[in-house]
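# Structural overview
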Amino acid sequence: MNRSDDDPEIRQHFNAARERRESLAPSFHEILERPRRNERPASFHRVRLLVTAFVVFAVLISAYLVWYEKPVPRPLEAELSALTEWHSPTDFLLKTPGGELLEGTPAIPSALPPLPNLQTIQNPSGNVK
Amino acid sequence: MNNDDLARELERLHRDSFGWALSCCGWNRQEAEDVLQTVYLRVLEGKAKFEGRSSFKTWLFAVIRRTAMEQKRRSFIRSIALLRFASRNGVRRESQDTKEDSLGSLLKTLPTRQQEVLELVFYHEMTIEDAAGVMGISLGSARTHYHRGKQKLKQLLEMVKTDEP
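Residues numbered from 1 in each chain as written. Chains lettered and ligands numbered in written order. Predicted model: local features only at pLDDT ≥ 70, side-chain atom pairs only at ≥ 80, totals over all residues. Heavy atoms only, no water.

### With respect to the overall build of chain A
- From N to C terminus, chain A includes four helices and zero strands.
- Secondary structure of chain A in N-to-C order comes out as α-α-α-α.
- A buried classification covers 10% of the 129 residues belonging to chain A.
- Accessible surface computed for chain A: about 12,100 Å², of which carbon and sulfur atoms make up 63%. (Helix = DSSP H or I, 4+ residues; strand = E, 2+ residues; numbered from the N terminus. Buried < 20%, exposed > 50% of the residue type's maximum accessible area, 1.4 Å probe, protein only. Areas by Shrake-Rupley, 256 points an atom, 1.4 Å probe, with all protein chains shown as cover.)

### Points about the nonpolar core
- Counting 53 residues, the largest nonpolar core has Phe14 of chain A together with Leu60, Ile64, Leu118 and Leu153 of chain B as the members making the most contacts within it.
- Sequence-distant contacts of phenylalanine 14 of chain A, that is, excluding residues within four places in its chain, are made with Leu103, Leu107, Leu118, Glu119, Phe122, Tyr123 and Leu153 of chain B. (Core = buried A, V, L, I, M, F, W, Y, C linked by side-chain atoms within 4.5 Å. Contact = heavy atoms within 4.5 Å.)

### Observations regarding the packing of helix H1 (residues 8-24) of chain A against helix H2 (residues 14-24) of chain B
- One can describe the packing of H1 of chain A onto H2 of chain B by two numbers: an axis separation of 9 Å at closest approach and a directional angle of 100 degrees. Accordingly, the angle class assigned to the pair H1 of chain A and H2 of chain B is roughly perpendicular. Here Arg21, Glu22 and Leu24 of chain A of H1 of chain A lie close against H2 of chain B, whose contacting residues are Arg15, Phe18, Gly19, Leu22 and Ser23 of chain B.
- Its residues assigned to classes, the contact of H1 of chain A with H2 of chain B shows three nonpolar, two polar and three charged. (Axes fitted to C-alpha atoms, helices over the stretch in contact; angles between N-to-C directions. Parallel < 35°, antiparallel > 145°, perpendicular 65-115°, else oblique. Nonpolar A, V, L, I, M, F, W, Y, C, P; charged D, E, K, R; others polar.)

### Re the interface of chain A and chain B
- Listed as interface residues are 29 residues of chain A and, on the opposing side, 46 residues of chain B.
- Carbon and sulfur atoms make up 55% of the area that chain A and chain B hide from each other, which totals about 3,700 Å².
- Here arginine 34 of chain A ties to aspartate 34 of chain B by a salt bridge, and the two come within 2.7 Å at their closest N and O atoms.
- In this structure, the connection of chain A to chain B is made through 13 residue pairs in polar contact (both at pLDDT 80 or more).
- For the side of chain A that touches chain B, the elements supplying multiple residues, two or more each, are H1 and helix H2 (28-33) of chain A.
- Among the residues making up the side of chain A that touches chain B, the classes are represented as eleven nonpolar, six polar and twelve charged. (Buried area = accessible area lost by both parts, 1.4 Å probe. Salt bridge = Lys/Arg side-chain N within 4 Å of Asp/Glu carboxyl O. Polar contact = N/O pair within 3.5 Å; in protein donor to acceptor, adjacent residues only side chain to side chain.)

### Thoughts on helix H6 (residues 112-123) of chain B
All names here are of chain B.
- Its twelve residues give H6 an end-to-end C-alpha distance of 15 Å, which sits within 8% of 16 Å, the value for a rise of 1.5 Å per residue.
- Buried residues dominate H6, accounting for ten of its twelve residues.
- Those residues of H6 lying buried are Gln114, Gln115, Glu116, Val117, Leu118, Glu119, Leu120, Val121, Phe122 and Tyr123. (Expected span 1.5 Å × (residues − 1).)

### A look at the packing of H1 of chain A against H6 of chain B
- As a packed pair, H1 of chain A and H6 of chain B sit with axes 10 Å apart at the nearest point and diverge in direction by 85 degrees. Overall, the two elements H1 of chain A and H6 of chain B adopt an arrangement that is roughly perpendicular. In this structure, H1 of chain A contributes Ile10, Arg11, Phe14, Ala17, Arg18 and Arg21 of chain A to the contact, and H6 of chain B contributes Leu118, Glu119, Phe122 and Tyr123 of chain B.
- Within the contact of H1 of chain A with H6 of chain B, the residues separate by chemical class into six nonpolar, no polar and four charged.

### Here we look at a nonpolar patch on the surface
Residue and element names in this part refer to chain A.
- Taken together, the side chains of Phe57, Ile61, Tyr64, Leu65, Val66, Trp67 and Tyr68 define a hydrophobic patch exposed on the protein surface, amounting to about 860 Å² of accessible area.
- Inspection of the secondary structure puts tryptophan 67 in helix H3 (residues 42-67).
- Take tryptophan 67: its relative accessible area is 62%, and that puts it in the exposed class. (Patch = residues over 30% accessible without salt bridge, like charges linked within 9 Å, V, L, I, M, F, W, Y side chains within 5 Å.)

### Some points on unusual backbone geometry
Residues and elements named next belong to chain B.
- Backbone geometry at tryptophan 27 places phi at a positive 65 degrees, although glycine is not the residue there.
- Note that tryptophan 27 resides in the loop between H2 and helix H3 (29-44).
- The class of tryptophan 27 is buried, set by a relative accessible area of 4%.
- Even without a glycine there, the phi angle at glutamate 125 is positive, about 50 degrees.
- You can see glutamate 125 is positioned in the loop between H6 and helix H7 (128-135).

### Regarding the pattern of salt bridges
- In the structure shown here, the tally under the stated rule is 15 salt bridges over all chains.
- A salt bridge links arginine 34 of chain A to glutamate 33 of chain B; the nearest nitrogen and oxygen atoms lie 3.4 Å apart. A residue pair is termed interchain when its members come from two chains, as with arginine 34 of chain A in the loop between H2 and H3 and glutamate 33 of chain B in helix H3.
- For glutamate 33 of chain B, a relative accessible area of 13% translates into the label buried.

If you want it as structure tokens, here you go:
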């Protein structure tokens, strides 16, 4: 069912618009034969090919650098000596006052130091202390 | 349908198709011609196939509408790039718009869906059901847009009449 029959005023306006638009219309063959505006030029395809080739090349170079350029391993003796000689950089924080005494046995001097003079003290019973 | 039949049908509907393409492209004649050319080539090269689920005209108008929307998206992206270039280089872009008639300027004030359904029903003399098929919406939605659009257009035409001396 065509609803445009129930509005003659609107239909009249659209009929006038149709006449105007049809006067602007090019022919069917003109449309088919006009040069295509949206076609990409040949240079676009060349640039795209170059960019793709560059990206592939960059990926291959990165893969080579990651997988084939491995670091040379150190010999085992060198690894072990490095481990034994290693000292923690924060060792100084563990030093406590008097800690040097624990590092070895203290030496007893050969001569005793002079002792102070002792005074004799007499108790009331006559015995000397 | 073979290629000759397709070409014959396209030629028969060409004036209507041009009017619809012009409407879908916001009255830009260059864009409308590009869209129409793209659609015709797609149909003749078999990239767009008519499967007989609706009338040929309904199907063709739906293809024109979709192609115009694709073109609008591409033009939008291109115009952003061009604006940046133009602002850097002081280049002014020429407008390709065809001067629309008074009805066209009134229709432009309506929401897109209402514009489209009124165009299809009044200009292209389709049924609301066919218009819904072209627009890819349900019949109920098309009816709603049709009635609301018609009401608004009548009010606008009344306003134009009262404004005239």
